[in-house]
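Spelled out, the chains give:
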Amino acid sequence: AGYDIVEVHFAHGYLLHSFMSTHTNHRTDEYGGSFENRIKYPMDVLKTVIDEVNGEVPVQIRVSVDEYVDDGMKFKEMGVASISLSAGCYDAVEYTIQPMFIPQGFIIPFAKELKAEIDIPVIVAARLNDAHLIENVVENDEADIVAIGRGLIADPLLIDKIKAIAPEAVCSETGEAVITLKVDD
């Protein structure tokens, strides 16, 4: 269908995530309780997607590595082509859509730890809006892919700035900061 990759969203409190989460899944039937039960429906959806694409494109999942709530789940590997890491849930939305007080690159330690344990690409995102930080993730082999979303919405020239302008010239992901650019001669 012209796609390069298909991502199944297992994060941020959406339907599949809500089945997986100990914070939101209080079911007492075959879809509640143990991790194996809670993951049944999401894995059925994932398997259906994998079957439907029939090997034509890779399938990856996006998963919250930590819900940042006391009774929330922590990450488990699920057997896909790649894993895109995120965080938070509806009750900790500040980790899903990170404001300025959430530290830049707060998911990088999760990516680094996971990358050491699995043999599929690990994608890291979330407050990666600093050229030095992005460069360090790549140089230090802490993730295989760096995903930038809001940073590119706030500043469509972000990648060009990272490549051609002093790294300090990168816009914040909120687009609220006024930044003075220092162009190298």
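Scroll up to find the structure this text is about.
Residues numbered from 1 in each chain as written. Predicted model: local features only at pLDDT ≥ 70, side-chain atom pairs only at ≥ 80, totals over all residues. Heavy atoms only, no water.

I would appreciate a short explanation of the packing of aromatic side chains in the present structure.
The way to describe two aromatic rings as a pair is by their centre distance and the angle between their planes. Enumeration according to the criterion identifies 2 aromatic pairs in this entry. Between the aromatic rings of Phe19 and Tyr31, the centroid separation amounts to 6.2 Å while the plane-to-plane angle is 85°, which identifies the pairing as edge-to-face. Of this pair, Phe19 sits in helix 1 (residues 15–20) while Tyr31 sits in the loop between helix 1 and helix 2 (35–38); the two residues are 12 residues apart in sequence, bridging distant segments of the chain. The buried category is assigned to Phe19, whose relative accessible area is 14%. Between Phe19 and Tyr41 the ring centres are 4.8 Å apart and the planes differ by 40°, which places this aromatic pair in the tilted class. (Phe/Tyr/Trp six-rings, centres within 6.5 Å; stacked < 30°, edge-to-face > 60°. Helix = DSSP H or I, 4+ residues; strand = E, 2+ residues; numbered from the N terminus. Buried < 20%, exposed > 50% of the residue type's maximum accessible area, 1.4 Å probe, protein only.)

How should unusual backbone geometry be read in this particular structure?
Both trends apply: most residues other than glycine have a negative phi, and most peptide bonds are in trans. If you check the backbone angles, Ala126 has positive phi at about 85° while not being a glycine. One can find Ala126 in the loop between strand 4 (122–124) and helix 5 (131–139). Accessibility expressed as a relative area gives 11% for Ala126, which makes it buried. The residue Arg127 is not glycine, and still its phi comes out positive at about 55°. Within the secondary structure, Arg127 sits in the loop between strand 4 and helix 5. Looking at Arg127, the relative accessible area reads 8%, which means it is buried.

It is not clear to me how the pattern of salt bridges should be interpreted in this structure. Could you clarify?
Side chains bearing opposite charge may pair, as long as their charged atoms lie close to each other. Within the structure shown, the criterion is met by 4 salt bridges. Put simply, Arg27 and Asp29 hold a salt bridge, and the shortest N to O gap is 2.5 Å. The class of Arg27 is partly exposed, set by a relative accessible area of 38%. A salt bridge links Asp144 to Lys115, with the nearest nitrogen and oxygen atoms 2.7 Å apart. Taken together, the positions of Asp144 in the loop between helix 5 and strand 5 (145–146) and Lys115 in helix 4 (residues 108–117) put the pair 29 residues apart, joining distant regions of the chain. Through salt bridges that share partners, Lys115, Asp141 and Asp144 make up one connected network. (Salt bridge = Lys/Arg side-chain N within 4 Å of Asp/Glu carboxyl O.)

Whenever I open this one, the side chain of Arg38 confuses me. Can you help?
Note on placement: Arg38 falls in helix 2. Put simply, Arg38 is tucked away with no salt bridge, and the nearest opposite charge, on Glu36, sits 7.1 Å away. At 2.7 Å, the side chain of Arg38 forms a polar contact with the backbone oxygen of Met20. Residues in contact with Arg38, not counting those within four places in the same chain, are Phe19, Met20, Ser21, Thr22, Asn25, Tyr31, Gly32 and Gly33. (Lys, Arg positive; Asp, Glu negative; His and termini not counted. Polar contact = N/O pair within 3.5 Å; in protein donor to acceptor, adjacent residues only side chain to side chain. Contact = heavy atoms within 4.5 Å.)

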